[in-house]
Amino acid sequence: MSKTAGFVGGLLNICPMLNVNSEGKLIPRDKIRTKKKAIVDIVNRMEKYANDGLDYSGKCFISNAYCEEDAKAVAALIEERFPKLDGKVMISSIGTTIGSHTGPGTVALFFWGSKREL
């Protein structure tokens, strides 16, 4: 994403949804208007792709870049929606390598799920 696109997206309160493909590249998936809708969407995507859907019983991890409150909001929704989750959602900070590509405000969700075709 260019700096101009990022700037305009920020003004319009647009949150890009990205995936990392099997080669480790960031792939744009969607653009969602408002952070609140993006938080709900990321949990909906977990429901769609997680092993066993709402019966997912594995671990779940969230990494964030200077947006711990957003990460906590995603974790709370996941813990509420996935009652068989193996423990609490673990939250950590994104490192500098990934953070330099995604920037502040990034929430990354990790769980075991089905393979998505790109």
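In the block above lies the structure referred to throughout.
Everything numeric here is computed off the predicted structure, so don't read it as measured data.

What counts, and where the lines are drawn
Residues numbered from 1 in each chain as written. Predicted model: local features only at pLDDT ≥ 70, side-chain atom pairs only at ≥ 80, totals over all residues. Heavy atoms only, no water. Helix = DSSP H or I, 4+ residues; strand = E, 2+ residues; numbered from the N terminus. Buried < 20%, exposed > 50% of the residue type's maximum accessible area, 1.4 Å probe, protein only. Contact = heavy atoms within 4.5 Å. Pairing = 2+ DSSP bridges. Axes fitted to C-alpha atoms, helices over the stretch in contact; angles between N-to-C directions. Core = buried A, V, L, I, M, F, W, Y, C linked by side-chain atoms within 4.5 Å. Salt bridge = Lys/Arg side-chain N within 4 Å of Asp/Glu carboxyl O. Expected span 1.5 Å × (residues − 1). Arc of directions from axis to C-beta.

Topic: the side chain of D70
And then number 1: Structurally, the position occupied by D70 is in helix α3 (residues 68-81).
And then number 2: Exposure remark for D70: the relative accessible area of 16% places this residue in the buried category.
And then number 3: Every residue in contact with D70, bar those within four places of it in the chain, is listed here: K35, I39 and V107.

Describing the sheet that holds strand β3 (residues 60-64)
And then number 1: Spatially, the three strands line up as an open sheet ordered β4-β3-β5, and their pairing is mixed. Each end of this open sheet is capped by a strand with a single partner; those strands are β4 (90-93) and β5 (107-111). Between one strand and the next, the sheet's axes are offset by a mean angle of 20°, whatever the strand orientation.
And then number 2: Looking at chain direction, β3 and β4 are connected through four bridges and run parallel. When the sheet's bridge partners are listed, S63 is paired in β4 with S92.
And then number 3: The strands touched by helix α2 (residues 35-49) are β3 and β5; relative to β5, the strand with the most contacts, the crossing angle is about 15°.
And then number 4: Of the strands in this sheet, β3, β4 and β5 are in contact with α3, which crosses β3 at around 165°.

Brief notes about the nonpolar core
In globular proteins that are soluble, nonpolar side chains generally tend to be buried together.
And then number 1: By size, the foremost hydrophobic cluster in this structure holds 20 residues, and its most contacted members are M46, I62, I78 and L85.
And then number 2: Of all the secondary structure elements, the ones that give two or more residues to this core are β1 (14-20), α2, β3 and α3.
And then number 3: For this core, the element with the most residues is α2, which contributes five residues.
And then number 4: Not counting residues within four places of it along the chain, the set of residues in contact with I78 comprises V43, M46, C60, I62, L85, V89 and L109.

Side note on the pattern of salt bridges
And then number 1: For the coordinates displayed, the defined rule picks out ten salt bridges.
And then number 2: E23 is the partner of K25 in a salt bridge, and the nearest nitrogen-oxygen pair spans 3.8 Å.
And then number 3: For K84, the salt bridge goes to D55, with nearest N and O atoms at 3.5 Å. On the criterion of sequence distance, the pair formed by K84 in the loop between α3 and β4 and D55 in the loop between α2 and β3 is long-range, its members being 29 residues apart.
And then number 4: Classification of K84 as partly exposed rests on a relative accessible area of 48%.

Here's the deal with α3
And then number 1: Relative to the 20 Å expected for 14 residues at 1.5 Å per residue, α3 spans 20 Å between its end C-alpha atoms, a close match to the ideal helical length.
And then number 2: Looking at α3, one finds that the buried residues are D70, A71, V74, A75 and I78. Projection of α3 onto a plane perpendicular to its axis shows the buried side chains occupying an angular sector of 140°, all on one side. Exposed side chains of α3 directed beyond 90 degrees from the buried face belong to E69 and E80.
And then number 3: Against the buried residues of α3 lie α2, β3, β4 and β5.

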